[in-house]
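Understanding the architecture of this molecule
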Amino acid sequence: MNTHRRHSASRFFSTLCFLTALMVPGLSPSLAIAGGKPGVVIQVSENDPAKWNLALNNAGNLIQALGGPDKVDIEIVAYGPGLAMLKADSVVGERLGVAVSDGIHLSACHNTMRAKHVEQRDLYLGVDVVPAGVLEIMQRQQGGWAYIRP
Amino acid sequence: MNTHRRHSASRFFSTLCFLTALMVPGLSPSLAIAGGKPGVVIQVSENDPAKWNLALNNAGNLIQALGGPDKVDIEIVAYGPGLAMLKADSVVGERLGVAVSDGIHLSACHNTMRAKHVEQRDLYLGVDVVPAGVLEIMQRQQGGWAYIRP
Amino acid sequence: MNTHRRHSASRFFSTLCFLTALMVPGLSPSLAIAGGKPGVVIQVSENDPAKWNLALNNAGNLIQALGGPDKVDIEIVAYGPGLAMLKADSVVGERLGVAVSDGIHLSACHNTMRAKHVEQRDLYLGVDVVPAGVLEIMQRQQGGWAYIRP
């Protein structure tokens with residue numbers, strides 16, 4: 001390799017390191033590159049309506065702070081004792097309807113449903129079923145989403 | 001492209017892939033490259049002094065384990081029922097003073113303040129106000145900070 | 001640098017940007033490149049057997065969903081009031097044995113042990129001791145692991 005090429009190599013490399021350093025610490029710029037928007041997965045694993053309201057407040061505050069429901073991807077994942085939040089007879093049912101119309105994804109854990117003998121028809125209209133709530137949360141984080149556990 | 005150059009290209013590329021693989025899974029090396037230090041955002045969303053003390057213990061243990069307050073960026077974000085932790089009359093007020101002098105950032109959620117009619121002057125001296133606690137936590141995670149919810 | 005080389009440089013660079021964009025938003029592909037598998041750190045910081053069982057359920061559900069204990073790295077970190085989960089006389093002792101045999105890493109916080117006068121011999125067989133639970137959790141997240149707080 002001649003000197004000229006070595007220079008070229010080294011300049012390449014510096015640029016690369018600089019750009020990678022720029023992209024890696026803040027995941028949002030790279031998400032933007034990939035055509036995405038910020039995402040957040042909110043976990044509900046307690047049978048506590050105060051926590052359910054807090055989770056819905058969190059989602060609403062994010063939407064408001066970021067300028068609208070199309071500016072952020074939000075998914076609320078309910079599992080374990082938290083599944084009750086997403087049932088058809090949930091005490092926060094009215095707020096779930098607003099959430100769905102705001103594009104907030106509501107996901108119920110199928111493992112929990114099976115253990116508690118809850119069927120899809122027992123869930124609030126618009127709630128999706130995911131195979132395992134904890135897997136859904138893990139995969140969202142791996143995809144660069146933030147994680148909130150109210 | 002001649003063979004020599006192709007070799008050079010392929011070596012480049014291998015080095016690049018190797019380095020990127022090294023850098024991406026562990027975010028701390030790349031944060032170090034970007035001139036940063038590890039950061040952690042600690043969420044307080046419960047009105048429970050035991051949790052407040054645990055959050056402050058967490059912060060203190062991190063500082064001790066990493067070798068000093070200048071070795072890690074720590075922010076405690078209080079929102080919802082957790083806002084009470086950061087009020088001037090907080091039962092952990094004395095520990096808040098120590099935290100502030102250790103460079104720990106204390107952030108109160110303005111959305112919660114408005115809902116609970118809390119003013120900046122009602123907060124412990126040194127507490128900052130952020131527009132939305134949940135947005136602050138999301139953005140810190142997007143910036144590569146770890147998230148702890150005691 | 002002649003035109004030919006510049007072209008080569010620019011093609012390199014485009015490929016690089018494309019690949020980095022692919023790799024960064026979803027951390028799992030890059031973890032796979034580094035020879036790893038997905039990892040998740042589960043925090044237990046409450047003295048509540050229901051939470052301990054939920055944490056163990058979470059771990060078991062992940063293993064089942066992903067196709068076996070060798071498909072995912074799981075570490076349960078207990079600190080503060082959660083330390084009791086990992087003591088030799090824990091009410092979930094039997095399940096801890098199963099977890100250990102499934103390759104789930106059980107980690108007890110040494111800071112908490114010192115504060116509560118708990119020795120290694122007081123812990124369930126197979127539990128490891130880490131200097132600070134919160135540091136362990138932070139470092140796992142920095143290493144690209146997901147974080148679950150049941």
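As shown above, the structure is provided for reference.
This write-up is about the structure you can find in this document. Along each chain, residue indices are assigned from 1 in the same order as the chain's sequence is written. Chains and ligands are labelled sequentially in the order written, the chains with letters from A and the ligands with numbers from 1. Only residues with pLDDT of 70 or above have their local features reported here, since the model is predicted, and side-chain atom pairs are shown and tallied only from 80 upward, although totals for entire chains, interfaces and linings are computed over all residues. The basis for the side-chain values is all heavy atoms of the structure; hydrogens and waters are excluded.

**Focus on unusual backbone geometry**
This is how it is decided: In this scheme, a residue with accessible area under 20% of its type's maximum is buried, one over 50% is exposed, and one in between is partly exposed, where area comes from a 1.4 Å probe on protein chains only.
Even without glycine at this site, His-117 of chain B takes up a positive phi of about 55°. The class for His-117 of chain B is exposed, based on a relative accessible area of 68%.

**Thoughts on the packing of helix 3 (residues 49–66) of chain A against helix 6 (residues 133–142) of chain B**
To keep things clear, this is the line we draw: For helices, the fitted axis covers only the stretch in contact; all axes are lines through C-alpha atoms, and the angles between them, taken along N-to-C directions, range from 0 to 180 degrees. Strands here are runs of E lasting at least two residues and helices are runs of H or I lasting at least four, both read from the DSSP assignment and numbered beginning at the N terminus. Small angles under 35 degrees read as roughly parallel and large ones over 145 as roughly antiparallel, with 65 to 115 read as roughly perpendicular and the rest as oblique. We call two residues in contact when some of their heavy atoms are within 4.5 Å. Residue classes follow a fixed rule: Ala, Val, Leu, Ile, Met, Phe, Trp, Tyr, Cys and Pro count as nonpolar, while Asp, Glu, Lys and Arg count as charged, and any other residue, Gly among them, counts as polar.
One way to put it is that helix 3 of chain A packs onto helix 6 of chain B with a least axis distance of 8 Å and a crossing angle of 75°. Between helix 3 of chain A and helix 6 of chain B, the crossing angle belongs to the class labelled roughly perpendicular. Residue-level contacts link Asn-58, Asn-61, Leu-62, Ala-65 and Leu-66 of chain A of helix 3 of chain A to Val-134, Leu-135 and Met-138 of chain B of helix 6 of chain B. Each residue belonging to the contact of helix 3 of chain A with helix 6 of chain B can be placed in one class, and the counts come to six nonpolar, two polar and no charged.

**Let's talk about the side chain of Ser-45 of chain B**
The criterion, for reference: Nitrogen and oxygen atoms within 3.5 Å of one another constitute a polar contact, given that in protein one can donate a hydrogen and the other can accept it, and given that sequence-neighbouring residues count only through two side-chain atoms.
Along the polypeptide, Ser-45 of chain B turns up in the loop between strand 1 (39–44) and helix 3 (49–66). Owing to a relative accessible area of 3%, Ser-45 of chain B belongs among the buried residues under this scheme. A distance of 3.0 Å separates the side chain of Ser-45 of chain B from the side chain of Gln-43 of chain B, its partner in a polar contact. With residues up to four places along the chain from it excluded, the contact list for Ser-45 of chain B reads Leu-54 and Pro-150 of chain A together with Tyr-79, Pro-81, Gly-82 and Arg-149 of chain B.

**Examining the packing of aromatic side chains**
Counted only if it meets this: Planes of paired rings set the category: under 30 degrees apart is stacked, over 60 is edge-to-face and the rest tilted, where pairs are Phe, Tyr or Trp rings (Trp by its six-membered ring) whose centres lie within 6.5 Å. Charge-over-ring placement is defined geometrically: NZ (Lys) or CZ (Arg) within 6 Å of the ring centre, and within 35 degrees of the ring normal.
In total, this model carries three aromatic pairs over all chains according to the counting rule given. Centre to centre, the rings of Tyr-147 of chain A and Tyr-147 of chain C are 5.7 Å apart; their planes meet at 85°, and the pair counts as edge-to-face. Of the two residues, Tyr-147 of chain A is situated in strand 5 (residues 146–148) and Tyr-147 of chain C in strand 5 (residues 146–148); the pairing between them involves two chains. Positioned above the aromatic ring of Trp-145 of chain A is the side chain of Arg-140 of chain A, whose terminal nitrogen or guanidinium carbon lies 4.2 Å from the ring centre.

**So, the sheet that holds strand 5 of chain C**
Quick reminder of the rule: By the convention used here, strands pair only if DSSP detects at least 2 bridges between them.
Strands sit in the order 4-3-2-1-5 (chain C) across an open sheet of five strands; the sheet is parallel. Looking at which strands have only one partner, the edges of the open sheet turn out to be strand 4 (128–130) and strand 5 of chain C. Along the sheet, successive strands turn relative to each other by an average axial angle of 30°, direction set aside. By the bridge criterion, three bridges tie strand 1 (residues 39–44) of chain C to strand 5 of chain C in an arrangement that is parallel. For Val-41 of chain C, the partnering residue across the bridge sits in strand 5 of chain C and is Tyr-147 of chain C. Along the sheet, helix 6 (residues 133–142) of chain A makes contact with strand 1 and strand 5 of chain C, crossing strand 5 of chain C at roughly 140°.

**Focus: the sheet that holds strand 2 (residues 73–78) of chain B**
Residue and element names in this part refer to chain B. Spatially, five strands are ordered 4-3-2-1-5 in an open sheet, and the strand pairing comes out parallel. Edge positions in the open sheet fall to strand 4 (128–130) and strand 5 (146–148), since each of these has one partner strand only. Neighbouring strand axes in the sheet, compared pairwise and without regard to direction, differ in orientation by 30° on average. Bridge analysis of strand 2 against strand 3 (residues 105–109) gives four bridges, and the strand direction is parallel. Bridging from a neighbouring strand, Ala-78 pairs with Ala-108 of strand 3. With respect to the sheet, helix 3 is in contact with strand 1, strand 2 and strand 5, its orientation differing from that of strand 1 by roughly 170°.

**Overview of the pattern of salt bridges**
The condition that has to hold: Note on definitions: salt bridges are taken to be side-chain nitrogens of Lys or Arg within 4 Å of carboxyl oxygens of Asp or Glu.
The full count for this structure, using the stated rule, is 21 salt bridges over all chains. The salt bridge partner of Lys-51 of chain B is Glu-46 of chain B, with a shortest N-O separation of 3.0 Å. For the pair Lys-51 of chain B and Glu-46 of chain B, a shared accessibility class is recorded, and that class is buried. Note that Lys-71 of chain C and Asp-70 of chain C form a salt bridge whose closest N and O atoms lie 3.5 Å from each other. Note on Lys-71 of chain C: relative accessible area 40%, which makes it partly exposed. A single network of salt bridges, built from pairs that share partners, joins Glu-46, Lys-51 and Arg-149 of chain A, Glu-46, Lys-51 and Arg-149 of chain B together with Glu-46, Lys-51 and Arg-149 of chain C.

**With respect to helix 6 (residues 133–142) of chain C**
Residues and elements named next belong to chain C. Within helix 6, eight of the ten residues are buried, leaving the element largely enclosed by the surrounding structure. Among all positions in helix 6, only Gly-133, Val-134, Leu-135, Glu-136, Ile-137, Met-138, Gln-141 and Gln-142 are buried. Positive phi appears at Gly-144, one or two residues downstream of helix 6, with a value of about 95°.

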